[in-house]
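# Close look at the chain arrangement
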Amino acid sequence: MIKTRMKTAFVVAFALALAVASAVSPVMAAGSPKGNPGWVGNDYFAHHTDSHLKELLAKVERAHLAGSNFYAKWHAGDIQYALGDLNYTLWVFPNHPKALHYMCAIAKTTEEYSLPIEPFQTALEKFPQHAITHAQFGRYLVEIGEIEGGMKKLETALTLDPDLAPGHAWMAEAYLAAGATSQAMTSVTKARELGFSGKIKGLDQ
């Protein structure tokens with residue numbers, strides 16, 4: 001019943017995404033100002049080499065992804081306000097990995113499984129070159145029961161970066177979810193060789 005509900009939510013989410021493909025950006029929701037001031041839609045991963053983006057990222061994270069704002073609201077159960085902070089962060093940096101991660105966490109907690117779909121689509125449409133974003137999306141799809149779609153995203157990620165350790169770990173989770181134990185162990189071995197030391201769902205308790 002739970003998996004059916006998750007799959008139904010996912011199908012509905014994609015239908016809605018196609019219907020609003022030409023509409024306003026999905027992160028223009030609670031917490032995001034209207035209009036485009038010219039400093040939105042930035043590549044998170046460019047901040048390493050761009051001093052302006054580094055400063056902008058620091059400001060956005062201080063105001064919307066810190067203990068006194070997002071985390072405080074989330075832990076207090078103020079989900080809509082917490083989402084507002086994530087939406088703002090993703091409005092300025094659509095592929096912000098931590099904001100996308102917590103968007104997935106809220107989606108699973110609230111069973112609003114469609115929440116991260118459009119943000120991930122926006123991030124990948126703007127910046128398809130970063131393997132980690134494909135991998136994050138793939139893992140989320142696997143977690144909500146869309147194993148085949150998730151594996152395709154993970155395959156894309158590992159094509160872009162064959163040495164992406166989390167990508168191999170999350171692919172192992174996908175294989176385990178699909179019952180492909182042999183392939184899963186191959187991915188586990190590769191992930192460990194590349195330095196992944198975290199838990200692998202379905203293998204580590």
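Predicted model, so just to flag it, every value in this text is computed and none were measured.

Two quantities define a packed helix pair, namely the angle between the helix axes and the distance between the axes. As a packed pair, helix α5 (residues 97-110) and helix α7 (residues 131-143) sit with axes 11 Å apart at the nearest point and diverge in direction by 10°. The pairing of α5 with α7 is recorded here as roughly parallel in orientation. Contacts from Pro97, Leu100, His101, Cys104, Ala107 and Lys108 in α5 reach Thr133, Gln136, Tyr140 and Glu143 in α7. Considering only residue class, the contact of α5 with α7 consists of 5 nonpolar, 3 polar and 2 charged.

In this section: helix α9 (residues 165-178). It helps to recall that an α-helix has 3.6 residues per turn; residues three or four apart then point in one direction. Compared with an ideal rise of 1.5 Å per residue, which puts 14 residues at 20 Å, α9 spans 20 Å between its outermost C-alpha atoms and is within 8% of the ideal. Where burial is concerned, most of α9 is hidden: 10 out of the 14 residues are buried. For α9, the complete set of buried residues consists of Ala165, Gly167, His168, Ala169, Trp170, Met171, Ala172, Glu173, Ala174 and Tyr175. Buried residues along α9 sit in contact with α7, α8 (147-160) and α10 (181-193). Glycine 179 occupies a position one or two residues after α9 and carries a positive phi of about 85°.

Time to look at the confidence of the model for the chain. Averaged over every residue, the pLDDT of the chain is 85; residues scoring 70 or more account for 81%. Confidence drops under pLDDT 50 across residues 1-33; counting only partners more than four residues distant or on other chains, this segment forms 45 contacts.

Quick notes on the rules
- Residues numbered from 1 in each chain as written.
- Predicted model: local features only at pLDDT ≥ 70, side-chain atom pairs only at ≥ 80, totals over all residues.
- Heavy atoms only, no water.
- Axes fitted to C-alpha atoms, helices over the stretch in contact; angles between N-to-C directions.
- Helix = DSSP H or I, 4+ residues; strand = E, 2+ residues; numbered from the N terminus.
- Parallel < 35°, antiparallel > 145°, perpendicular 65-115°, else oblique.
- Contact = heavy atoms within 4.5 Å.
- Nonpolar A, V, L, I, M, F, W, Y, C, P; charged D, E, K, R; others polar.
- Expected span 1.5 Å × (residues − 1).
- Buried < 20%, exposed > 50% of the residue type's maximum accessible area, 1.4 Å probe, protein only.
- pLDDT = per-residue confidence, 0-100.

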